Amino acid sequence: MTATSLSKEDLGAARRALRRRKLTAFLLVAPLLVFLLFAFVAPIGSMLFRSVHNPNVADLIPDTMELMDDWDGVSLPDESLMNQFAVDLKRLANDRTSGRLAGEVNRILPGSSSVIQSTARRMRTVDDDELQQNGAALLFDAHANWQQVPIWQAIRQSGNPYTIAHYLTALDLERTPSGEIQARDGPRIYVSLYIQSLRIALFITVLTFLLGYPLAYFIANAPIRLSNILLIFVLLPFWTSLLVRTTSWIALLQTNGVVNTALMGIGLTSSPFSMLYTEFATIIAMTHILLPFMILPLYSVMKGIDPSYLRAAMSMGGKPIPAFLRIYFPMTLPGLSAGALLVFIVSVGYYITPALVGGADGQMISNLIAFHMQQSNNWPLAAALGSLLLFVILLLYWTYDRLVGTKNLSFG
Amino acid sequence: MKKLSALVGMGALLMATTAFAQQQTLTAVSFGGSYGAAQQRHMIEPFMEKTGHRILFEDYSGGIAEIKAQVESGNIQWDVVDIEVIDLERACAEGLLEIIPRDVLPPGDDGTPAMEDFMPGALDNECGVGVIFWTTLYAINTETIGPNKPSTIQDLFDTEKFPGKRALRKRPQVNLEWALIADGVERDKIYEVLATEEGQARAFAKLDTIKSDVVWFDSWSQAPQLLNDGGAIMVQSANGRFYAAIQDEGRPFEMIWDGHLYDLDVWSIVRGSKNKDLALEFIKFATGTVPLAGMQEVAYGPTRKSSAPLVDPAVLPLLPSSHIEAGVKADGVFWADYGESLGERFNEWLLR
Amino acid sequence: MRELPAYYGFWHYLGHYGLRVLVALVLAFLMLPILIIIPLSFNVEPYFSFTEGMLRLDPDAYSTRWYEQVFNDPRWILSIKNSFIVGIAAATLSTVLGTIAAVGLASPVMPFKRLITALLLSPMIVPVIIIAAGMFFFYTRFNLVGSHLGLILAHAALGIPFVIITVTATLTGFDRSLYHAAIGMGASPLKAFWDIVIPLIRPGVISGGLFAFVTSFDEVVVVLFLAGPAQRTIPRQMFSGLREQINPTILAVATMLILISIALLVTLELLRRRSERIRMGTSA
């Protein structure tokens, strides 16, 4: 039957049926979409929003911030603004929220926290009228920094609820008081940590390839009984808790651990190596943890390749290595790229293992995000760092999807 | 008869359910390890037995970050927390803790009113009630240190005379003070110097000299392990941790009292706690004469005078109060003002 | 052992035996770190290493004290309970939602298929730390931080991709005409789904559910951000144990977890074989 022979009614009915089928299919997916929108997408959205939105200071000192609108931002603010700020500071000290202001301003101008905190402590006992009249003088008296412009600029900057400042910090940049963007004056840590994370991830990807490829090849070409047993060797680590595997690396690598005891026992070394809490520990433990992610996709591709290709090439006098590289290897590329993508993406954002075995030099960007979430409580910066990491990962994923397609992602 | 027994049964059931309804769960948080175990025995368990309420006793590694995250996000998970005075001033000034009224504290077991019974310093901050006098010092392992023993803070910073790893807790507190002591600042001027830009630069410069030899740890309870398994030759920790390791596990550790930084720990209530009343009940109980005296198990001094007669004379020389001349008092007010600035600076210094 | 082919030269032999040595080393690298935990968990001393007594196989050097400690510690008991509550609830939620969605997704006429598939699989790609931080910000507004419900929702989201992947895999071998035939014969779509589709894809659903359970059971980053003391799970308890006070009770727990993994692995292998049989059956 061809389309031309369909009557109008039939065509309409077919369209309706198709639309109904489309709708049914969509309705089946809808509950999950709604669920993921709430439980997963919205949280990530709220993190992205956090990275540019921080109303803390604007909420803490609204009156001062209003007066800031009229200040030129270059010379010292006028007395009325300072008086108002002194009044606000006293209120904060009594509510015990001055620390929050101090923390926010300190992030823009390091060292300001102590100025604000000690001044707030002094303002606590002064009465309001005196502060209204004489606040500026009292501020000057409490700390010399109030007579200089930078701290006022920092307060104004921190009072802006929408800002890209955290992205600048996350890229080791800063904005000068005149509004230009320049490389950050002071320690530059974040960009190098992104590079370090990518470097460690790349290293782990290469290692898992070097270790995983021969094993996958061997299993794929072994007799069925042997290959089933060997597969279990790969799947058991895959199914074993991540924390169990990290625990075992701690037991192996610590100063008095299994590896050191063994090395000293057979006389290879007289004093233990310090291996735990290093970048080496992060790399070896993560390679172990992620190796199955490389082996499984490789294996499933290799299993589908007829071994006679390679045998034929070799029996016709081809040298084994060129024959392998030219005939066999290209056929395994889909599995290799799926495995490599998985290993690379998973390891770039890894947190647990570096946190437990990485020490100071084996840290990755995720650890710094966790640090700013849990230790320094610099949530907007954590959100900005996280958004950049997300961007890097989506870019990788997108590139991969364009080049290879995600069909080869499968397990076991 | 049947009716009566049914009625009694009903009544018992009803009482059981109301008792169940009244049972609350309090979350108390402290430093774990041997100190946590002593608190478990002398404060947590007796309180649960006495009141029938349940306590989830958690470990943390100190600092105010976790409390701050809870209060600022509005997810209050903890009720009572054991906090060092070096962090207390700041936590209180930043509004992270509830104010604890003084008039509800019970008198000592000998009848002395609370305000007189507590030692000086134990009630200085309105947000906390003192639990222990303790100190931060470093210790060595006598079996592995060799014939040449370190004895001062200068020795801790002398990597030529004493090569090997030093284990310090990852925070600016205590470490910056020690750096200045090692750099020759007089002990009563430390905080004055540390309040200046030059003083801070000087302290970090001194820390730079040992940076590559330092193992940083997060929690006091990791410290004895590091000294035991050879992870470091000089290890900083609370005196009670080393005492417990020496006393209970027979470890060959020796504490170096020079330049120890003595401080108090207090029980505090996290601001916005859902169990504020029960938290207060717990603190009243846990800072009573007998529970406080129990802390001598880990060589921490009690904060009530009425507990003193209960302290074993053999422990006395090991309490921080017997080494005041060698030590420096930790300044919580200084750290309230400078904790944020120096904390950020310290972390950047670490990453550099 | 097979005879080696006659055309083999030096490089072939090197490749042949070299490969076997390499494979043995990689297998050892995979398995030894896991197996080493098991004897260490019976160490009588509170260390993470073999003592001389253990190497001499002296029975006094071994004990089950760490296992006793696990079962006498209310914190471990609570975490074991929580891990199962959260794991089972999260796996159920993601299996139900995921299976239904996978069926819709497998329809050849599904609109925006590529985009929606990418979205459904994204919890697997986005680093957990980002998910956890975002959830901390967002769940706070609904009072879900420090609650079992929050943790269950979070873990269910993380388990979705695995359910989608495994169920989709069984559906590719599934003949959709059976389903349409049932509808054509007057069955309601729901009944057709329940009577025809579910029995055929059951192995895939169960293994997807197991994957989702393990994802939750093994998850710690989200727990670190979302759980309060009353919600701590086994991995959370292990994490703080490894970070703060290293103590062999962790090894005892680890050994028990390894046994659980073995049980899961065997179950999954049986399911896979069954699913293969069913697939052969329908396509034949």
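Residues numbered from 1 in each chain as written. Chains lettered and ligands numbered in written order. Predicted model: local features only at pLDDT ≥ 70, side-chain atom pairs only at ≥ 80, totals over all residues. Heavy atoms only, no water.

Asks: Please set out the overall build of chain C residue by residue, giving values where relevant.
Replies: Regarding its fold elements, chain C presents 13 helices and 0 strands. Along its sequence from the N terminus, chain C presents helices and strands in the succession α-α-α-α-α-α-α-α-α-α-α-α-α. Since a compact globule built from 284 residues should have a radius of gyration of about 19 Å, the 24 Å found for chain C marks it as more spread out than a globular shape. Across its three principal axes, chain C shows a C-alpha extent of roughly 75 × 70 × 30 Å. Out of the 284 residues belonging to chain C, those deemed buried represent 56%. Within chain C, counting contacts between residues at least 6 apart in sequence, those at least 24 apart form 69% of the total. (Helix = DSSP H or I, 4+ residues; strand = E, 2+ residues; numbered from the N terminus. Rg over C-alpha atoms; globule rule 2.2 N^0.38 Å. Buried < 20%, exposed > 50% of the residue type's maximum accessible area, 1.4 Å probe, protein only. Contact = heavy atoms within 4.5 Å.)

Asks: So, empty space enclosed by the protein: which residues are in play, and what are the values?
Replies: A water-sized probe, rolled over the atoms, reveals where empty space remains. What the rule picks out here adds up to 5 cavities of 30 Å³ or more. Leu242 and Phe293 of chain A together with Val128, Phe162 and Thr215 of chain C are the residues nearest the centre of the largest cavity, which is lined by 32 residues in total. Sorting the residues of the lining of the largest cavity by element identifies helix 11 (224-239), helix 12 (242-253), helix 14 (279-303) and helix 16 (320-348) of chain A together with helix 6 (113-125), helix 8 (148-172) and helix 10 (189-217) of chain C as the ones contributing at least two each. Looking at side-chain class alone, the lining of the largest cavity contains 25 nonpolar, 4 polar and 3 charged residues. (1 Å grid on protein atoms, 1.4 Å probe; cavity = no way out; pocket = protein on both sides within 12 Å on 5 of 7 lines; lining within 4 Å. Points joined across faces, edges and corners; volume = space filled by probe spheres on them. Nonpolar A, V, L, I, M, F, W, Y, C, P; charged D, E, K, R; others polar.)

Asks: So what's going on with the nonpolar core? Which residues, and what values?
Replies: In this structure, Ile352 of chain A together with Tyr139 and Met238 of chain C are the most contacted members of the largest nonpolar core, which totals 189 residues. When residues are assigned to domains, this core turns out to be shared by domain 1 (3-52) and domain 3 (190-403) of chain A, each giving three or more. Beyond its immediate sequence surroundings of up to four residues, Met238 of chain C is in contact with Leu243, Val244 and Thr247 of chain A together with Trp76, Ile250, Val253, Ala254 and Leu257 of chain C. Membership of the second largest hydrophobic core comes to 77 residues, among which are Met43, Ile44, Ala122 and Cys127 of chain B. (Core = buried A, V, L, I, M, F, W, Y, C linked by side-chain atoms within 4.5 Å. Domains from an automatic or database assignment.)

Asks: Explain the interface of chain B and chain C to me, and be specific about the residues and the numbers.
Replies: Contact with chain B, which involves 19 residues of that partner, is made by 15 residues of chain C. Summed over both partners, the interface of chain B with chain C buries about 1500 Å², with 43% contributed by carbon and sulfur atoms. By the criterion of area lost to chain C, the three top residues of chain B are Glu58, Asn75 and Gln77 of chain B, representing 31% of everything that side buries. Seen at the junction of chain B and chain C, the total is 3 salt bridges. Here Arg75 of chain C makes a salt bridge to Asp59 of chain B, at a shortest N to O gap of 3.4 Å. Taken together, the elements giving at least two residues each to the side of chain B that touches chain C come down to strand 2 (54-59), helix 3 (65-73) and helix 10 (223-228) of chain B. Among the elements that take part in the side of chain B that touches chain C, strand 2 of chain B stands out by supplying 4 residues, more than any other. (Buried area = accessible area lost by both parts, 1.4 Å probe. Salt bridge = Lys/Arg side-chain N within 4 Å of Asp/Glu carboxyl O.)

Asks: Describe the packing of helix 5 (residues 74-106) of chain C against helix 12 (residues 234-244) of chain C, with residues and values.
Replies: All names here are of chain C. The interhelical angle for the contact between helix 5 and helix 12, taken along N-to-C directions, is 140°, at an axis separation of 7 Å. Classified by the interaxial angle, the pair formed by helix 5 and helix 12 is oblique. The residues of helix 12 that touch helix 5, namely those facing Arg75, Trp76, Ser79, Ile80 and Ser83, are Ile234, Pro235, Gln237 and Met238. The residue makeup of the contact of helix 5 with helix 12, split by class, is 5 nonpolar, 3 polar and 1 charged. (Axes fitted to C-alpha atoms, helices over the stretch in contact; angles between N-to-C directions. Parallel < 35°, antiparallel > 145°, perpendicular 65-115°, else oblique.)

Asks: Lay out the interface of chain C and chain A in plain terms, naming residues and giving numbers.
Replies: Counting from both sides, the interface comprises 89 residues of chain C and, opposite them, 88 residues of chain A. Taking both partners together, chain C and chain A bury about 8300 Å²; carbon and sulfur atoms supply 83% of that area. Summed over the three residues of chain C that lose the most area to chain A, namely Phe29, Ile125 and Phe137 of chain C, the buried surface amounts to 9% of that side. Inspection of the chain C/chain A interface yields 0 salt bridges. Run the count over chain C and chain A and you get 7 residue pairs in polar contact (both at pLDDT 80 or more). The leading source of residues in the side of chain C that touches chain A is helix 1 (residues 10-35) of chain C, at 13 residues. By residue class, the composition of the side of chain C that touches chain A is 74 nonpolar, 9 polar and 6 charged. (Polar contact = N/O pair within 3.5 Å; in protein donor to acceptor, adjacent residues only side chain to side chain.)

Asks: An account of a negative patch on the surface is requested, with residue identities and associated values reported.
Replies: Negative charge collects at one region of the surface, where Asp63, Glu66, Asp69, Asp70, Asp78 and Glu79 of chain A lie side by side. Mapping Glu79 of chain A onto the fold places it in helix 4 (residues 79-95). (Patch = residues over 30% accessible without salt bridge, like charges linked within 9 Å, V, L, I, M, F, W, Y side chains within 5 Å. Areas by Shrake-Rupley, 256 points an atom, 1.4 Å probe, with all protein chains shown as cover. Lys, Arg positive; Asp, Glu negative; His and termini not counted. Charge placed at Lys NZ, Arg CZ, Asp CG, Glu CD.)

Asks: Please provide a residue-by-residue account of a positive patch on the surface, values included.
Replies: All names here are of chain A. A surface patch of like charges, here positive, comprises Arg15, Arg16, Arg19 and Arg20. Its place among the elements puts Arg15 in helix 1 (residues 8-52). By relative accessible area, Arg15 is classed as exposed at 52%.

Asks: Hey, could you go over unusual backbone geometry for me, with residue numbers and the actual values?
Replies: Residue and element names in this part refer to chain A. Phi at Arg96 is positive, roughly 60°, even though this residue is not glycine. Locating Arg96 in the fold gives a position in the loop between helix 4 and helix 5 (98-108). Its identity is not glycine, yet Asp172 carries a phi of approximately 60°, on the positive side. Position of Asp172 relative to the elements: it lies in the loop between helix 9 (165-170) and strand 1 (173-175). Assessed through its relative accessible area of 5%, Asp172 is described here as buried.

Asks: Residue-level account of the pattern of salt bridges, with values.
Replies: Note that side chains of opposite charge can pair when their charged atoms are close. Residues and elements named next belong to chain A. In this structure the tally under the stated criterion is 29 salt bridges over all chains. In this structure, the salt-bridge partner of Glu104 is Arg107, at a minimum N-O distance of 3.9 Å. Separated by 3 residues within a single helix, Glu104 and Arg107 lie in helix 5, roughly one turn from each other. Just as Glu104 is buried, Arg107 falls in that class too.

Asks: Can you break down helix 1 of chain A residue by residue, with the values?
Replies: Taking 1.5 Å per residue, 45 residues should reach 66 Å; helix 1 of chain A reaches only 55 Å between its end C-alpha atoms and comes up short. Of all the bends found along helix 1 of chain A, the most pronounced is centred on Leu37 of chain A and spans about 45°. (Expected span 1.5 Å × (residues − 1). Bend = angle between axes of the 7 residues up to and from the residue.)

Asks: Please give an account of a nonpolar patch on the surface that cites residues and values.
Replies: On the surface, Ile321 and Leu325 of chain A together with Phe10, Trp11 and Leu14 of chain C cluster together into a nonpolar patch covering about 580 Å² of accessible area. For the nonpolar patch, the elements supplying multiple residues, two or more each, are helix 16 of chain A together with helix 1 of chain C. A total of 3 residues in the nonpolar patch trace back to one element, the largest contributor, which is helix 1 of chain C. Along the chain, the position of Leu14 of chain C falls in helix 1. Classification of Leu14 of chain C as partly exposed rests on a relative accessible area of 45%.

Asks: How would you explain the confidence of the model for chain C if you had to name every residue and give the values?
Replies: With 95% of its residues at a pLDDT of at least 70, chain C reaches an overall mean of 88. Taking the mean pLDDT of every element in chain C, the minimum, 79, falls on helix 9 (residues 176-184) of chain C and the maximum, 96, on helix 11 (residues 221-226) of chain C. (pLDDT = per-residue confidence, 0-100.)

Asks: Just give me the short version of the packing of aromatic side chains, but keep the residues and values in it.
Replies: Scanning all chains against the criterion turns up 46 aromatic pairs over all chains. Between Trp249 of chain A and Phe29 of chain C the ring centres are 5.9 Å apart and the planes differ by 50°, which places this aromatic pair in the tilted class. Linking Trp249 of chain A in helix 12 with Phe29 of chain C in helix 1, this pair reaches from one chain into another. Both residues of the pair, Trp249 of chain A and Phe29 of chain C, belong to the buried class. Between the aromatic rings of Tyr35 of chain B and Tyr300 of chain B, the centroid separation amounts to 5.2 Å while the plane-to-plane angle is 85°, which identifies the pairing as edge-to-face. (Phe/Tyr/Trp six-rings, centres within 6.5 Å; stacked < 30°, edge-to-face > 60°.)

Asks: Residue-level account of the pairing of strand 5 (residues 166-169) of chain B, with values.
Replies: Residues and elements named next belong to chain B. Covered by surrounding structure in strand 5 are Arg166 and Leu168 together with Ala167 and Arg169, the residues of both alternating faces. Here strand 5 runs beside strand 6 (residues 214-217); their pairing, made up of 4 bridges, is parallel. Along strand 6, the bridge assignment pairs Ala167 with Val215. By the bridge criterion, 2 bridges tie strand 5 to strand 7 (residues 234-238) in an arrangement that is parallel. When the sheet's bridge partners are listed, Arg166 is paired in strand 7 with Met234. (Pairing = 2+ DSSP bridges.)

Asks: So what's going on with the domain arrangement of chain A? Residues and values would help.
Replies: Residue and element names in this part refer to chain A. Domain assignment breaks chain A into domain 1 (3-52), domain 2 (56-161) and domain 3 (190-403). The distance between the C-alpha centroids of domain 1 and domain 3 comes to 37 Å. Contact with domain 1, which involves 5 residues of that partner, is made by 7 residues of domain 3. Three residues, Met47, Arg50 and Ser51, lead the burial of domain 1 against domain 3; their summed loss comes to 78% of the area buried on that side. Counting across the domain 1 and domain 3 interface gives 0 salt bridges. Counting across the interface, domain 1 meets domain 3 through 0 residue pairs in polar contact (both at pLDDT 80 or more). In the side of domain 1 that touches domain 3, the residues fall into 3 nonpolar, 1 polar and 1 charged.

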